[in-house]
Amino acid sequence: MTRTGFRRTFVALSVCSLALTACGSNDDDSASGKTRITVNCMPPKSAKVDRSFFEADVAAFEKKNPDIDIVAHDAFPCQDPKTFDAKLAGGQMEDVFYTYFTDAKHVVDINQAADLTPYVKELKSYDTIQQQLRDIYTVDGKIYGIPRTGYSMGLIYNRKLFEKAGLDPDTPPATWADVRADAKKIAALGGGTVGYADYSAQNQGGWHFTAELYSQGGDVVDASGKKATVDTPQGHAVLQNLHDMRWSDNSMGSKQLLVINDVQQLMGSGKLGMYLSAPDNIPILVKEKGGNYKDLALAPMPGGQGTLIGGDGYMFSKKDSPAQIRAGLKWLDHMFLTPGSGFLGDYARAKKNDAPVGLPEPRLFTGAADAKDQEVKKANANVPVENYQAFLDGNQSLKMKIEPPDAQQIYSVLDGVVSAVLTKKDADIDQLLKDASGKIDGILARG
């Protein structure tokens, strides 16, 4: 599921003009002595600062590698699910193209990805990337993509409201029972204050149901990928907790069928105690919704069992020549995978341009590379990093789980389950889960 922070989640899919250049090409301009590659996910012109960073980084790369020509395509978003498959099937994808983690196996299954295994040793940073992220782009022992960023879900909460409600803002809720108890105290402040909010429309309710299920040790689909596993004690517990907070405690407010913008607006205006999100929501709450960095803190997922992870990376067209693959890997190293520098890692540049530095993610690297990345980030931090320490500490013991296969279709089914529980006091949780399980089985069978 996409999130809505820009520096990490901004994504751009180019709409290619046939009058200019094809999106994907195996013409590497070898006759001119240069290897030419098309890439996507360049920030649109409307994002002036990020666009200038990207263009400067590409120019620096080409100066350092005069034998490589980068042709970048922009638009927003990086990947449009409505056109992604059509571009792949039509051979219009860029030579190096952006994907969500959940796309990797699908792109391989339809035979549209280049096998990077023989070349990945040339990617200097590859061994420094977290293994669980590398594994996402590894199918049947072969490497088909390179991670660029990763995120995990947590609990954003309002320190000021915690204090007003007599709660310790330095001790965030660790269990869903804690969330319920704290939400009830926050809602009791009155004046339209909501203790806990959740999404329940536009597939976002299904996304959060999945995250909440993971947090309690459950799963949406079994290990074979062929059978739903939502009709379980863990699935029931997720829905029962939402039902009780909504109808018994009145801690979720009366307005439901919320989506991400509604919840962000509540939090930014100081009227919401807690909601689930990734760290990239924090700058949005400040810059767009009226929030304050010092009031916003982040805790790990309640429940202590697991958390939903997501992110993005780049794959290569199956039509790419060996020279284009090698050039693309060099470009990824330069742009995204060198700690402390490049489009996502130049924290000094970001700070100078008033972009937030010090958020706890993405945490892409391990070992010495991670240490260097964190050192540079800390030196340039302009947000209260202490507010996120609980999230960093708690994540160390959580199982990191990617979104299920056919995620959007499954989320659509689960959306109906969550919205029913939050809008109907007498909703039959057992029947809802049974019906959802059957529908998910049907989706998986078709897949």
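Residues numbered from 1 in each chain as written. Predicted model: local features only at pLDDT ≥ 70, side-chain atom pairs only at ≥ 80, totals over all residues. Heavy atoms only, no water.

Structural notes on the confidence of the model for the chain
No. 1: Averaged over all residues, the pLDDT of the chain is 92; the fraction at 70 or higher stands at 93%.
No. 2: Predicted confidence for residues 2-25 stays below pLDDT 50, and this span has 104 contacts to residues more than four positions away or in other chains. (pLDDT = per-residue confidence, 0-100. Contact = heavy atoms within 4.5 Å.)

A word on the environment of Ile443
No. 1: By secondary structure assignment, the location of Ile443 is in helix α18 (residues 429-446).
No. 2: In this structure Ile443 comes out as buried when scored by relative accessible area, which is 6%.
No. 3: In the structure, Ile443 is positioned 217 residues away from Lys226 in sequence and 9.0 Å away in space, judged by C-alpha atoms.
No. 4: The contacts of Ile443, once residues within four sequence positions are left out, are Asp406, Gln409, Ile410 and Val413. (Helix = DSSP H or I, 4+ residues; strand = E, 2+ residues; numbered from the N terminus. Buried < 20%, exposed > 50% of the residue type's maximum accessible area, 1.4 Å probe, protein only.)

Considerations on the sheet that holds strand β10 (residues 296-300)
No. 1: Taken in spatial order, the four strands line up as β8-β9-β7-β10 in an open sheet, and their pairing is mixed. Both outer strands of the open sheet, β8 (194-196) and β10, are each paired with one neighbouring strand and no more. When strand polarity is set aside, the average angle formed by the axes of neighbouring strands in this sheet is 25 degrees.
No. 2: Where β8 and strand β9 (residues 272-277) come together, two bridges link them in parallel fashion. Looking at β9, one finds that Tyr196 is bridged to Met274. (Pairing = 2+ DSSP bridges. Axes fitted to C-alpha atoms, helices over the stretch in contact; angles between N-to-C directions.)

Here's the deal with the packing of aromatic side chains
No. 1: Inspection of the entire model under this criterion finds 12 aromatic pairs.
No. 2: Seen from their ring centres, Tyr314 and Phe336 are 5.7 Å apart, and the 15 degrees between their planes marks the pair as stacked. Of this pair, Tyr314 sits in strand β11 (residues 306-316) while Phe336 sits in the loop between α12 (322-335) and α13 (342-345), and the two are 22 residues apart along the sequence. Here the two residues Tyr314 and Phe336 agree in accessibility, since each one is buried.
No. 3: Measuring from ring centre to ring centre gives 6.3 Å for Phe336 and Phe343, while their planes differ by 80 degrees; the resulting arrangement is edge-to-face.
No. 4: One aromatic cluster is present, built from ring pairs that chain together Phe54, Tyr98, Tyr100, Tyr314, Trp331, Phe336 and Phe343.
No. 5: Between the NZ or CZ atom of Arg134 and the centre of the ring of Tyr126, over which it lies, the distance is 5.2 Å. (Phe/Tyr/Trp six-rings, centres within 6.5 Å; stacked < 30°, edge-to-face > 60°. Lys NZ or Arg CZ within 6 Å of the ring centre and 35° of its normal.)

Overview of helix α10 (residues 260-268)
No. 1: Those residues of α10 not exposed but buried are Ile260, Val263, Gln264, Met267 and Gly268. The buried residues of α10 occupy an angular sector of 130 degrees when the element is viewed end-on, so they sit on one face.
No. 2: Buried residues in α10 make contact with β7 (154-158), α8 (204-215), β9, α11 (281-287) and β10.
No. 3: Trailing α10 by a residue or two, Gly270 shows a phi angle of about 80 degrees, which is positive. (Arc of directions from axis to C-beta.)

Some points on the state of the cysteines
No. 1: Counted according to the given criterion, the structure contains one disulfide.
No. 2: Paired by a disulfide, Cys41 and Cys78 hold their sulfur atoms 2.0 Å apart. Since a negative S-S torsion denotes a left-handed disulfide, the Cys41-Cys78 link at about 85 degrees is right-handed. Here Cys41 is found in strand β1 (residues 35-42), whereas its partner Cys78 is found in the loop between β2 (68-74) and α3 (81-89), with 37 residues between them in sequence. Pair check on accessibility: Cys41 and Cys78 agree, each one buried. (Disulfide = S-S within 2.5 Å.)

Some thoughts on the nonpolar core
No. 1: In this structure, Tyr196, Phe209, Leu242 and Met274 are the most contacted members of the largest nonpolar core, which totals 73 residues.
No. 2: Counting residues per element, this core draws most heavily on helix α17 (residues 407-423), which supplies 10 residues.
No. 3: Among the nonpolar cores identified, the runner-up in size contains 54 residues, and Tyr119, Leu133, Ile143 and Met335 belong to it. (Core = buried A, V, L, I, M, F, W, Y, C linked by side-chain atoms within 4.5 Å.)

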